[in-house]
Amino acid sequence: MNRYVDRFGRTGFAALTSLIWFIPMAAWAGSSDLSPIDKTAYPWVALSIGVVMFAVWLFLLTRLQKIPVTPRQRRLDIAQMSKPERRWTLALIAFGAGLIAWLNAAATVDWAPLGGAVKDGSTGAILFAGALATYLLVMIAGVVFSWLKARRAYQARKAAAQTLE
């Protein structure tokens, strides 16, 4: 654990280890949508695993401050980030969450009624399908654009730190 905290920093370690509870919770959310239909999904198992792993993650976070970290520039260290880097990283997270939400909806919704309505030429269905496609394109463009801006801001911070050394 010490090696990973030193490598990623405290914030990066907390973000990466959050996957131990985030993934089971996402499985719970997806399976609870499907469970009434196919009776094969067991959403409460995924929820239980997610809650237990969330407790484990909180335990890890309480121990995080005691681990020594060598001072150097880290990509995901909020305390070291410049204001533009924080802003673009937040935008990246927001657009990424919007993209994940779209993908979750696309995976759990029955699209047959919308496809049939679009095929029949329903104006409302066509507009709705266009809005969904536009939303997807905006989320993808937002992820790419904010990723590039955040990366550029990090590189500027790293270059400024190297000139000070």
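Worth saying up front: this structure is predicted, and the values here are computed from it rather than measured. (Residues numbered from 1 in each chain as written. Predicted model: local features only at pLDDT ≥ 70, side-chain atom pairs only at ≥ 80, totals over all residues. Heavy atoms only, no water.)

1. Comments concerning the overall build of the protein
Let me state the cut-off plainly: Strands are runs of DSSP state E lasting at least 2 residues, helices are runs of H or I lasting at least 4, and numbering of each runs from the N terminus. When a residue's accessible area, from a 1.4 Å probe over protein chains only, is under 20% of the maximum for its type it is buried; when over 50% it is exposed; and in between it is partly exposed. Contact definition: two residues touch when any of their heavy atoms are within 4.5 Å. Charge counting treats Lys and Arg as positive and Asp and Glu as negative, with His and both chain ends excluded. Note on charges: their place is set at NZ of Lys, CZ of Arg, CG of Asp or CD of Glu.
A count of helical and extended segments in the protein gives six helices and zero strands. The linear arrangement of helices and strands in the protein, starting from the amino end, is α-α-α-α-α-α. Along the three orthogonal principal directions, the C-alpha set of the protein runs to about 65 × 35 × 15 Å. Evaluated residue by residue, the protein yields a buried proportion of 26% over its 165 residues. Of the contacts made within the protein by residues no fewer than 6 positions apart, 71% connect residues no fewer than 24 positions apart. Between the mean site of the 18 positive side-chain charges and the mean site of the 8 negative ones, the protein shows a separation of 13 Å.

2. So, the packing of aromatic side chains
So the rule is basically this: By convention, a stacked pair of Phe, Tyr or Trp rings (six-membered ring in the case of Trp) has centres within 6.5 Å and planes under 30 degrees apart, an edge-to-face pair has planes over 60 apart, and any other such pair is tilted.
Under the counting rule described, the total for this entry stands at two aromatic pairs. On the numbers, 5.9 Å between centres and 35° between planes, the contact of Phe 54 with Trp 57 is tilted. Taken together, the positions of Phe 54 and Trp 57, both in helix H3 (residues 43–64) and three residues apart, correspond to about one turn of that helix. Its relative accessible area of 13% is what places Trp 57 among the buried residues. Pairing Trp 88 with Phe 145 gives two aromatic rings, centres 5.4 Å apart and planes at 80°, and the pair type is edge-to-face. Of this pair, Trp 88 sits in helix H4 (residues 83–108) while Phe 145 sits in helix H6 (residues 123–164), placing them 57 residues apart in sequence.

3. Observations regarding the confidence of the model for the protein
Test applied: Note: pLDDT gives the predictor's confidence per residue, expressed from 0 to 100.
The predicted model of the protein has a mean per-residue pLDDT of 83, with 90% of residues at 70 or higher. Averaged pLDDT values for the elements of the protein fall to 68 in helix H2 (residues 19–38) and rise to 92 in H6.

4. Some remarks on the environment of Trp 21
With respect to the helices, strands and loops of the structure, Trp 21 is situated in helix H2. It is 4.9 Å that separates the C-alpha atoms of Trp 21 and Met 53, two residues lying 32 residues apart in sequence. The contacts of Trp 21, once residues within four sequence positions are left out, are Gly 50, Met 53, Phe 54 and Trp 57.

5. Overview of the nonpolar core
For the record, the criterion: Think of a nonpolar core as a cluster: buried Ala, Val, Leu, Ile, Met, Phe, Trp, Tyr and Cys residues, connected wherever their side-chain atoms sit within 4.5 Å.
With five residues, the main nonpolar core is built from Val 5, Phe 13, Ala 14, Leu 64 and Ile 67. Considering every element that reaches this core, the biggest residue donor is helix H1 (residues 2–17), with three residues.

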